[in-house]
Amino acid sequence: MSVTIEPLRITTTGSVQTWTINRPEQGNAITGKDVIAAFEAAAEQANADTGLRAVILTAEGKIFSAGGNVKEMADGQGMFGLTPIEQRYAYVDGIQRIPRALDRLEVPLIAAVNGAAIGAGCDLAMMCDIRIASERASFAESFVQLGLIPGDGGSWFLQRAIGYERAAEMTFTGDRIDAGTALDWRLVSRVVPHDDLLTAANELADRIAKNPPHSLRMAKRLLQESRTGLLESTLAMAAAMQPLAHADTEHHQRIEKWRSA
């Protein structure tokens, strides 16, 4: 089944959903209000579908995402024509809604990076739980090259993916790294031939989707909270979640299957 929340194409196969950014003529820029609203709607709908177990995020065309619309920036269009105070709130009510929406997404999110992921596009990939890259992919935290800073949470996500020192190198230089370097730096978990990208992403999603949906959602939330939480807080959350997992029907079915194996 395929649905389009303009400009995001959503395809559902079984318990796996694929979100495809569908603005190749704009470099799959993600700063438009319609793109932001589409991500929010997709995440909300995915959370409401308790049978859904994994989501793949990719893009149409040769570019994963060029991030912001630099032409609008140069022409002073949209939020770029506002006063500095107005722009501050425009960021909060604009691009920053995407990391909040993806942080609320309850199911595992896999980025299938098909090409260049630049600026906010690089940060978008960092917002995903797992990243698989085409051999044609590249990544750049390029904001400083335009005299800007990461305004979308990239400073938070990037260093958690690759560590402070390498995040600092990418942030302070703005230089692009290729897929091989991204793999070496653990920015992505694997690099595959370009034509095999979605096959690899779907195979991984299917491996995830074999597991019970409720335990998957709780495991994701526990991992997210563990990135910044104290050990005691993490243990308390695990202790509260685990009885819910024990009570789940699918847990009992798995136990019986294990017993009879």
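Every value quoted in this text rests on a predicted model; they were computed, and no experiment measured them. (Residues numbered from 1 in each chain as written. Predicted model: local features only at pLDDT ≥ 70, side-chain atom pairs only at ≥ 80, totals over all residues. Heavy atoms only, no water.)

Student: I tried to follow the side chain of arginine 23 on my own but got confused; where do I start?
Tutor: Within the secondary structure, arginine 23 is located in the loop between strand 3 (16–21) and helix 1 (33–48). Overall, arginine 23 belongs to the buried group, its relative accessible area being 13%. Apart from residues no more than four positions distant in its own chain, arginine 23 is found in contact with Glu6, Pro7, Asn28 and Asp34. (Helix = DSSP H or I, 4+ residues; strand = E, 2+ residues; numbered from the N terminus. Buried < 20%, exposed > 50% of the residue type's maximum accessible area, 1.4 Å probe, protein only. Contact = heavy atoms within 4.5 Å.)

Student: Got a minute to help me understand the sheet that holds strand 10 (residues 176–178) in this structure?
Tutor: Within a sheet, adjacent strands bond to each other through the backbone by hydrogen bonds, running parallel or antiparallel. Here four strands make up an open sheet; going across it, the order is 5-7-9-10 and the pairing mixed. For this open sheet the edge positions go to strand 5 (63–65) and strand 10, each flanked by a neighbour on one side alone. Going across the sheet, the axis of each strand differs from the next one's by a mean of 20 degrees, ignoring polarity. Here strand 5 runs beside strand 7 (residues 116–118); their pairing, made up of two bridges, is parallel. (Pairing = 2+ DSSP bridges. Axes fitted to C-alpha atoms, helices over the stretch in contact; angles between N-to-C directions.)

Student: I'm lost on the environment of threonine 20 in this one. Help?
Tutor: Summarising the element assignment, threonine 20 is placed in strand 3. Judged by its relative accessible area of 7%, threonine 20 is buried. With 40 residues separating them in the primary sequence, threonine 20 and glutamate 60 have C-alpha atoms 6.3 Å apart. Apart from the residues lying within four places of it in its own chain, the contact partners of threonine 20 are Pro7, Leu8, Arg9, Thr58, Ala59 and Glu60.

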